[in-house]
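Analysis of the macromolecular model
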Amino acid sequence: MSFQEGELVYLEDAGGKRSWMKLSFGMMKVQSLGAVDGSKFRDLEEGEKVTIVGRDYRIFRPGVLELMESLDRGAQIISAKDAATILMHCDIKAGDKVIEVGAGSGGLTTALLHAVAPTGQVLTLEFREENAVRAGKNVSRVGLHKYWSYQIGDARDMDVDVDWKADALTMDMPDPWLALGNLEGHLRSGGRLCAYVPNMNQAESIVNALREHGYVDVHALENMQRGLEVHPGGVRPSFEMLGHTGYLIFARKTA
Ligand SMILES: C[S@@+](CC[C@H](N)C(=O)[O-])C[C@H]1O[C@@H](n2cnc3c(N)ncnc32)[C@H](O)[C@@H]1O
């Protein structure tokens, strides 16, 4: 499919460095490349080579992975491996309604919005206005703002102003067990919950709270992902590994 003006795309050089742009077929400024004649992108296919001031690039549309990797970051974002697990374990799909606690930089929000679009919606609860604003800029940049809304408040005691029940509730906050009582009325029966916490004592507290509140299928896990260095004549695990990100706790609400 040929590219359209206004699309968000990126150019990738041979070393994997990406330059992002909102496509225009006139002269435009491209991050780290300067002024570029956009007419050269008009008839390109995705993945095709394009030469700019003597250097070769490939042009691509972003997937959710590249969108998350390119966000303007304030708070630490949830990694792709953990976001993918949340989508799978919470069965989040097009048309779903999701309540999320903790906008942060909008990392998980981006993954949730990408999954529920174009017929679902995500409501994010956040007590720091500046984080909600940053997340909002990030989701607008990638065109997902149509499916997103937020409310400023403390998830532990705020009035959540929605007239629907969520299919899933995700909580990336330090003390999710303290927000459970306030939020669970907004999760439908059979709906799925995920809490994401960095420490084991937090994981224990939320698991205990979920059991006390009558949730079932309560399980906690950690994802470890290690890259492979593949070279001619030698393949070995990468020396660099993100050792620990967080613990993921999942559960289903009963009727
Ligand atoms: C680690 S960040 C979330 C990162 C986000 N999931 C991402 O991928 O970009 C945690 C966020 O939760 C917010 N937060 C923490 N406790 C909260 C509470 N009780 N109510 C509302 N927001 C809260 C913080 O202000 C912060 O923005």
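In terms of domain boundaries, the protein chain breaks down into domain 1 (8-60) and domain 2 (66-252). Relative to domain 2, the C-alpha centre of domain 1 lies at a distance of 32 Å.

Right, let's get into helix 2 (residues 80-89). Among the residues of helix 2, those classed as buried are Asp 82, Ala 83, Ile 86 and Leu 87. The buried residues of helix 2 all sit within an arc of 140° when viewed along its axis, so they share a single face. Every exposed residue of helix 2 that faces more than 90 degrees away from the buried side is listed here: Lys 81 and Met 88. Elements in contact with the buried residues of helix 2: helix 1 (64-69), helix 3 (107-116), strand 10 (166-171), strand 11 (187-197) and strand 15 (247-252).

For strand 8 (residues 121-126), the buried fraction is high: five of the six residues fall into the buried class. Direction of pairing for strand 7 (residues 97-101) relative to strand 8: parallel, over a ladder of five bridges. Its bridge partner being in strand 8, Glu 100 is matched across the sheet by Thr 124. At this point the chain moves from strand 7, through helix 3, to the parallel strand 8, and the crossover so formed is right-handed.

Calculation criteria
- Residues numbered from 1 in each chain as written.
- Predicted model: local features only at pLDDT ≥ 70, side-chain atom pairs only at ≥ 80, totals over all residues.
- Domains from an automatic or database assignment.
- Buried ≥ 20, exposed ≤ 12 C-beta atoms within 10 Å, placed from the backbone.
- Helix = DSSP H or I, 4+ residues; strand = E, 2+ residues; numbered from the N terminus.
- Arc of directions from axis to C-beta.
- Contact = placed C-beta atoms within 7 Å.
- Pairing = 2+ DSSP bridges.
- Right-handed = clockwise from strand over helix to strand, strands pointing away.

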